[in-house]
Amino acid sequence: MTSTLTERTVTVGDRRIFVAETGTGPAIVLLHGGGPGASGVTNYSRNIDALARHFRVIVPDMPGYGRSTKKIDKRDPFGSLADAVRGLLDELQIGTAHLVGNSYGGAAALRLALDHPHRVGKMVLMGPGGIGTTRTLPTRGLNSLLSYYAGAGPSRAKLADFIRNYLVYDGASVPDELIDIRYTASIDPEVVADPPLTRPSGPWALRTLWRMDLTRDPRLKALPTPTLILWGRDDLVNRPAGGPLLLRSLPHAELVMTSRTGHWMQWERADLFNRLVTEFLSEPSVFEP
């Protein structure tokens, strides 16, 4: 990544959102996943330069991660994230933006489109969370993610195991430097005290689980947002079966599934990802009159 990024922190209600930005053109917001130590720029390090040739690229650290406020409403996490993104657009004076979301960020993007469809131009969702989650047991990859702060607590070995054995198809392709960066971020005392992504618990757990399965939202089948769904056929975190399920649920969607690709398509298949996203966001939608 060689783009010159401008960095700032934006106040959204009672939360502070760190955001990096580069490029000119239509605004796209890149929303990262929810794994330990995740942040916007590290998750999209192989995409920002390519996309900035065509778009104004906005890369926030979502609440709970990176340099943003470590505050999220765990009774409705996807709604809380969607509200933060909408507030960020308000503060940046952007009426409508394209949203690109991976995993946790994909669920946040989809929830924002459901709540406020006029704020979202097009969406790209890569292995998004919240797809059929109440219809089956969690995957081993998701269990690894959710147990990171449990038991003996976080460790570099646990993080390396999650990233190399579950997040990507080819674990050997992940450099030690990336794991070191994410591990350092994952042991921020505020995060350790209150991890942003945990199993729902308490008296509201069942309602939260139901709310987090976005395929049960009746608004999904009428969503007008043109959507490109990208899913690795070897995804061990969110089941690849979610791709066809989401395709059947959205009236204006296209699906691309790739082999030898895990949960982190934007990193593992960066060239393909950059081309597909640029073409989809640049060209008129086949769903438009």
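Refer to the structure presented above.
Residues numbered from 1 in each chain as written. Predicted model: local features only at pLDDT ≥ 70, side-chain atom pairs only at ≥ 80, totals over all residues. Heavy atoms only, no water.

Visitor: Honestly, the packing of aromatic side chains in this entry has me stumped. Any pointers?
Guide: When we look at a pair of aromatic rings, we describe it by the centre distance and by the angle of the planes. Counting across every chain of the model gives 4 aromatic pairs. Ring geometry for tyrosine 65 against tyrosine 104: centres 6.1 Å apart, planes inclined by 65°, an arrangement best described as edge-to-face. With tyrosine 65 in the loop between strand 4 (56-60) and helix 3 (77-91) and tyrosine 104 in helix 4 (residues 104-115), this residue pair connects regions lying 39 residues apart in the sequence. As far as burial versus exposure is concerned, tyrosine 65 and tyrosine 104 are alike and both buried. Geometrically, the ring pair formed by tryptophan 264 and tryptophan 267 is stacked, given 5.5 Å between the ring centres and 20° between the ring planes. Tryptophan 267 carries the same exposure label as tryptophan 264, and that label is buried. Three or more aromatic residues link up through ring pairs in this structure, and these residues are Tyr65, Phe78 and Tyr104. Positioned above the aromatic ring of phenylalanine 18 is the side chain of arginine 67, whose terminal nitrogen or guanidinium carbon lies 3.9 Å from the ring centre. Above the face of the phenylalanine 280 ring, lysine 122 is positioned so that its terminal group lies 5.1 Å from the ring centre. (Phe/Tyr/Trp six-rings, centres within 6.5 Å; stacked < 30°, edge-to-face > 60°. Helix = DSSP H or I, 4+ residues; strand = E, 2+ residues; numbered from the N terminus. Buried < 20%, exposed > 50% of the residue type's maximum accessible area, 1.4 Å probe, protein only. Lys NZ or Arg CZ within 6 Å of the ring centre and 35° of its normal.)

Visitor: So what exactly am I meant to see when it comes to the side chain of serine 144 here?
Guide: Residue position: serine 144 is located in helix 5 (residues 140-146). Those residues in contact with serine 144, other than ones at most four positions away along the chain, are Asp161, Phe162 and Tyr166. (Contact = heavy atoms within 4.5 Å.)

Visitor: Is there a simple way to think about the side chain of histidine 263 in this case?
Guide: Within the secondary structure, histidine 263 sits in the loop between strand 8 (253-258) and helix 11 (265-268). You can call histidine 263 buried: its relative accessible area is 5%. One polar contact links histidine 263 to aspartate 235, side chain to side chain, over a distance of 2.8 Å. (Polar contact = N/O pair within 3.5 Å; in protein donor to acceptor, adjacent residues only side chain to side chain.)

Visitor: Quick question: what am I supposed to make of the pairing of strand 8 here?
Guide: Across 6 bridges, the pairing between strand 7 (residues 227-232) and strand 8 is parallel. What sits directly across from glycine 232, in strand 8, is threonine 258. In this fold, the crossover linking strand 7 to strand 8 by way of helix 10 (residues 242-249) has right-handed handedness. (Pairing = 2+ DSSP bridges. Right-handed = clockwise from strand over helix to strand, strands pointing away.)

Visitor: Before we go on, may I ask you to explain the nonpolar core in this structure?
Guide: Nonpolar side chains in soluble globular proteins tend to end up buried together. If you look at the biggest cluster of nonpolar residues, it comprises 62 residues, and the most contacted ones within it are Leu99, Tyr104, Leu110, Met123 and Leu246. Here the element with the most residues in this core is helix 4; it accounts for 8 residues. Not counting residues up to four positions away in its chain, the partners in contact with methionine 123 are Leu99, Ala109, Leu110, Ala113, Leu223, Thr225, Pro226, Thr227, Leu228 and Phe280. (Core = buried A, V, L, I, M, F, W, Y, C linked by side-chain atoms within 4.5 Å.)

Visitor: Would you mind showing me how to read the packing of helix 6 (residues 156-167) against helix 7 (residues 176-186) here?
Guide: Two packed helices can be described by the angle between their axes and the distance between those axes. The interhelical angle for the contact between helix 6 and helix 7, taken along N-to-C directions, is 125°, at an axis separation of 10 Å. As judged from the angle between their axes, helix 6 and helix 7 are oblique. Handedness of the crossing formed by helix 6 with helix 7: right-handed. Note on element contacts: helix 7 touches helix 6 through Asp176, Ile179, Asp180, Arg182 and Tyr183, opposite Arg156, Leu159, Ala160, Ile163, Arg164 and Leu167. Within the contact of helix 6 with helix 7, the residues separate by chemical class into 6 nonpolar, no polar and 5 charged. (Axes fitted to C-alpha atoms, helices over the stretch in contact; angles between N-to-C directions. Parallel < 35°, antiparallel > 145°, perpendicular 65-115°, else oblique. Left-handed = near helix turned anticlockwise from the far one by under 90°. Nonpolar A, V, L, I, M, F, W, Y, C, P; charged D, E, K, R; others polar.)

Visitor: Before we go on, may I ask you to explain the pattern of salt bridges in this structure?
Guide: Where charged atoms from two side chains of opposite charge come close, those side chains can pair. Scanning the entire structure with this criterion turns up 18 salt bridges. Between arginine 111 and aspartate 115 there is a salt bridge whose closest N-O contact spans 2.9 Å. Pair noted here: arginine 111 and aspartate 115 are both in helix 4, with a separation of 4 residues, about one helical turn. On the accessibility criterion, arginine 111 (12% relative accessible area) is buried. A relative accessible area of 24% means that aspartate 115 is categorised as partly exposed. A salt bridge links arginine 216 to aspartate 213; the shortest N-O distance between them is 3.6 Å. The exposure class of aspartate 213 is buried, given its relative accessible area of 1%. (Salt bridge = Lys/Arg side-chain N within 4 Å of Asp/Glu carboxyl O.)

Visitor: Please explain the sheet that holds strand 7 as it appears in this structure.
Guide: Read across the open sheet, the 8 strands follow the order 1-2-4-3-5-6-7-8; overall the sheet is mixed. This sheet does not close on itself; its edge strands, each paired only once, are strand 1 (6-12) and strand 8. Strand-to-strand, the axes of this sheet are offset by a mean angle of 20°, without reference to chain direction. In the sheet, strand 5 (residues 97-102) pairs with strand 6 (residues 120-126) via 5 bridges, with the strands oriented parallel. The partner of leucine 99 across the bridge, within strand 6, is methionine 123. Taken strand by strand, helix 3 contacts strand 1, strand 2 (15-22), strand 3 (27-31), strand 4 and strand 5, and its axis lies near 115° from that of strand 1. With respect to the sheet, helix 12 (residues 270-282) is in contact with strand 3, strand 5, strand 6, strand 7 and strand 8, its orientation differing from that of strand 6 by roughly 160°.

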